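Structural features, examined
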Amino acid sequence: MCGALRASDAGKKAVLMGWVNRRRDLGSIIFIDLRDRTGVTQVVFNRENSAAHDKAEQLRNEFVIAVIGTVKLRDKDTVNKNIATGEVELIVEELRILNDSKQLPFLPGDTVLPNEEMRLKYRYIDLRRDAMQFNIETRHKVSKAIRDYLSSQGFFEIETPFMTRSTPEGARDYLVPSRVQPGSFYALPQSPQMFKQILMISGFDKYFQIVRCFRDEDFRADRQAEFTQIDLEMTYPRVETVWGVVEGFLTAAFKAAGVDIKTPFPRMSYDEAIRKYGNDKPDMRLPAMVDIREALTPEELEELTTKFRMRKEFPVQLIRIPHAGDISGTERRTIGTYGAYNHVQGPAFVQLMTDPKRFAKDYAALSEKVAAFAKVEADDLWLLAGAANKPENAAVMDQDVQHFCEKCGFLRLDLAQKYASKHKAFEKIGDVAKDYRFLWVSDFPMFDWEKEEKAWMPAHHPFTTLHEEDFAKLEANIDSARDPKSPLGEIRALAYDVVLNGTELGSGSIRIHRQDVQRKIFQALGMSDEEAKARFGFFLEALEYGTPPHGGIALGLDRIVMILTGAESLREVIPFPKTARAVDLMVDAPSPATEKQLKELGLLIKKAT
Ligand code: ASP
């Protein structure tokens with residue numbers, strides 16, 4: 001291979017095959033950098049060997065050649081320390097041109113990349129680039145480490161069908177029309193959810209699969225219509241059992257890419273994440289927000305909230321970005337307008353105190369107390385965010401507090417992004433300074449109120465089970481699927497996410513294993529018995545035949561590889577990705593079907609209006 005030869009090989013005969021990466025013709029001598037997946041070797045054609053030398057004159061970029069020659073040590077001053085084969089060169093005796101190449105739209109060795117459209121159209125050339133070879137190799141190593149680890153823990157890798165029925169994971173399905181049953185469609189799986197649960201019913205005990213999933217979502221930056229999950233399921237787990245397995249395979253996966261991570265990961269409830277980070281996927285590289293009310297006496301709280309027109313029933317959040325305090329007055333004033341430009345009706349309107357210096361001047365004791373409580377350092381950027389006073393003092397609902405905290409969370413991340421360069425500990429994911437902060441977030445709400453649907457929907461998916469203590473609440477509110485004020489919103493699920501540096505890597509849950517409970521969840525979701533039977537009849541039936549308790553999780557492989565390679569987008573780590581509009585530019589898909597195909601499928605295309 002082109003990356004194999006070393007100084008110790010000097011004097012040996014060698015055969016190399018590969019692409020012409022670069023050609024330098026000095027007349028009497030021609031140098032070729034010959035490239036394959038493993039590296040580059042300098043190959044030399046001397047005029048003394050006129051047959052080979054003359055042929056070498058025809059060589060152009062990306063021709064595919066075979067050479068036979070003798071390995072020779074390079075002169076001291078021509079040693080290339082940047083490549084592994086840099087101490088040697090191959091003096092060619094015989095050249096065979098295995099294939100030529102048309103002039104290329106861009107070269108694998110180009111330092112300036114063409115636009116992404118071009119790279120995707122000519123993906124086979126793009127993939128020859130070192131960076132892409134590295135990304136795909138890392139992907140292989142990571143997948144293999146995960147496979148090996150899970151196999152060693154007694155998991156079986158089992159395939160599940162692609163042509164199947166709809167599996168709800170919150171997106172639209174891709175449908176495949178059936179020819180033999182015109183008018184009927186398969187759905188491509190949004191996840192193997194029901195199949196993996198059926199495998200638990202079937203006695204396989206521990207299942208995993210590195211599997212493609214398909215989700216038709218409206219335009220969302222950096223999502224792929226088809227993507228790869230590390231999907232697993234096991235019987236009789238506690239939440240912590242699943243977490244242990246994930247920590248195990250992530251340790252192996254990161255190690256395969258040369259990174260050591262610490263386990264167990266810290267854990268946090270959804271409620272705590274929202275209160276302290278305003279976000280269900282907190283970036284732990286930044287300090288949490290601190291509700292400073294606890295540090296104050298009732299009089300001090302009154303004084304502070306009156307002065308800044310904040311509501312004292314809401315958290316007063318101190319947001320701090322370490323080492324970013326030296327921003328200009330203009331920048332500070334821009335932050336001050338945050339509450340205004342992010343105005344929303346209701347108490348989520350954020351009221352800010354953005355000038356700690358002035359605050360300290362006017363309220364020295366108060367300012368000192370607050371800063372000490374939140375462990376503010378002298379060079380930190382910090383401010384206070386409270387909920388704006390409203391004339392009518394409406395009852396404070398949990399949801400309002402949540403919205404308010406979420407707004408503060410956005411502000412926290414926004415400030416971190418803007419002033420990140422001033423904050424050494426906060427690097428963008430993928431940056432050189434690797435600070436991997438994993439986290440488990442658990443106890444998510446069971447149901448989310450969907451404004452568009454005007455109904456409670458599963459926050460995870462409808463097969464997720466709930467906390468035992470919340471069962472009475474479910475029963476008491478089972479027919480309130482369309483009531484936005486229903487206490488259904490307070491029910492906690494045995495669901496969890498694994499989060500890394502503010503990115504969700506995966507989600508899972510302990511599942512419902514009893515048919516009566518599953519029916520109740522469908523009922524709470526406003527689904528009639530008939531509808532439940534039509535959509536999930538086979539599954540409800542399977543649950544009746546001795547289903548053991550089970551649970552699992554799925555993590556995005558593409559995202560993990562993206563983080564490990566430091567790539568800027570998922571498209572950099574997927575060999576043949578699609579654009580944001582789900583188009584494959586290389587093969588030009590999707591594309592219209594022929595009249596004959598449509599006829600066979602019994603389909604008629606309505607002209608777009
Ligand atoms: N089906 C997954 C699980 O709960 C979640 C997902 O696909 O996002 O295991």
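Here, the structure is the one placed above.
Described below are features of the structure shown in this document.

Thresholds, definitions, all that
Residues numbered from 1 in each chain as written. Predicted model: local features only at pLDDT ≥ 70, side-chain atom pairs only at ≥ 80, totals over all residues. Heavy atoms only, no water. Buried < 20%, exposed > 50% of the residue type's maximum accessible area, 1.4 Å probe, protein only. Helix = DSSP H or I, 4+ residues; strand = E, 2+ residues; numbered from the N terminus. Pairing = 2+ DSSP bridges. Disulfide = S-S within 2.5 Å. Patch = residues over 30% accessible without salt bridge, like charges linked within 9 Å, V, L, I, M, F, W, Y side chains within 5 Å. Areas by Shrake-Rupley, 256 points an atom, 1.4 Å probe, with all protein chains shown as cover. Salt bridge = Lys/Arg side-chain N within 4 Å of Asp/Glu carboxyl O. Lys, Arg positive; Asp, Glu negative; His and termini not counted. Charge placed at Lys NZ, Arg CZ, Asp CG, Glu CD. Axes fitted to C-alpha atoms, helices over the stretch in contact; angles between N-to-C directions. Expected span 1.5 Å × (residues − 1). Bend = angle between axes of the 7 residues up to and from the residue. Contact = heavy atoms within 4.5 Å. Near = heavy atom within 4 Å. Polar contact = N/O pair within 3.5 Å; in protein donor to acceptor, adjacent residues only side chain to side chain. Nonpolar A, V, L, I, M, F, W, Y, C, P; charged D, E, K, R; others polar.

**Points about the pairing of strand β2 (residues 29–36)**
- Counting buried residues in β2 gives 7 out of 8 residues, a clear majority hidden from the surface.
- Here 6 bridges tie strand β1 (residues 13–25) to β2, and the two strands are oriented antiparallel to one another. The residue of β2 that forms the bridge with Val20 is Leu34.
- What sits between the antiparallel neighbours β1 and β2 is a turn of 3 residues, in which Gly27 has the positive phi angle 90°.
- Pairing geometry for β2 and strand β3 (residues 39–46), over 8 bridges, is antiparallel.

**A look at the environment of Leu500**
- For Leu500, the location among the structural elements is in strand β19 (residues 495–500).
- In sequence terms Leu500 and Ile563 are 63 residues apart; their C-alpha atoms lie 9.4 Å from each other.

**Let's talk about the pairing of strand β13 (residues 317–321)**
- The buried fraction of β13 is high, at 5 of 5 residues.
- Pairing geometry for β13 and strand β15 (residues 381–387), over 5 bridges, is antiparallel. Paired with Ile319 across the bridge in β15 is Leu383.

**Focus on the state of the cysteines**
- Tallied over the full model, the rule gives 0 disulfides.
- No disulfide involves Cys405; its sulfur sits 6.1 Å from that of Cys408, the nearest cysteine.
- Residue classification places Cys408 among the buried positions, given a relative accessible area of 0%.

**Some points on a positive patch on the surface**
- Taken together, the side chains of Lys307, Arg309, Arg358 and Lys361 define a basic patch exposed on the protein surface.
- Its place among the elements puts Lys361 in helix α11 (residues 356–362).
- For Lys361, a relative accessible area of 73% translates into the label exposed.

**So, the sheet that holds β2**
- One closed barrel accounts for 5 strands, arranged β1-β2-β3-β5-β4; its pairing is mixed. The average undirected angle you get between the axes of adjacent strands in this sheet is 55°.
- The sheet contact formed by strand β4 (residues 64–73) and strand β5 (residues 88–99) spans 10 bridges and is antiparallel. Its bridge partner lying in β5, Val64 is registered against Asn99.

**Structural notes on helix α16 (residues 529–543)**
- Here α16 contains 15 residues, and its C-alpha end-to-end distance of 15 Å is more than 12% below the 21 Å for a straight helix at 1.5 Å per residue.
- Most pronounced at Phe536, the bend in α16 amounts to some 90°.
- Here α16 has its buried residues at Ala532, Phe536, Gly537, Phe539, Leu540, Ala542 and Leu543.
- Those residues of α16 that are buried lie in contact with α5 (193–201) and α15 (515–524).

**Side note on α15**
- Within the span of α15, buried status applies to Gln515, Val517, Gln518, Ile521, Phe522 and Ala524.
- Looking at the buried residues of α15, the elements they touch are β17 (447–450), α14 (471–476) and α16.

**Let's talk about unusual backbone geometry**
- Omega for the bond connecting Thr263 with Pro264 falls within 30 degrees of zero, at -10°, which places this linkage in the cis form.
- For Pro264, the position within the fold is in the loop between α6 (239–256) and β11 (267–269).
- Put simply, Ala589 and Pro590 share a cis peptide bond, and its omega is 0°.
- Within the secondary structure, Pro590 is located in the loop between α17 (557–565) and α18 (595–601).
- The phi dihedral of Lys454 is positive, around 50°, even though this residue is not glycine.
- Counting through the fold element by element, Lys454 comes out in the loop between β17 and β18 (455–458).
- A positive phi angle, close to 45°, is found at Asn501, a residue other than glycine.

**Some words on the site of the ligand**
- Near the ligand you find 13 residues, and of these Glu169, Gln193, Lys196, His460 and Arg511 are the closest.
- Contact distances for the ligand include 2.8 Å between an oxygen atom and a side-chain N or O atom of Arg511.
- Only α5, β20 (503–510) and β21 (550–556) provide two or more residues apiece to the shell around the ligand.
- For the shell around the ligand, a count of residues per class yields 2 nonpolar, 7 polar and 4 charged.

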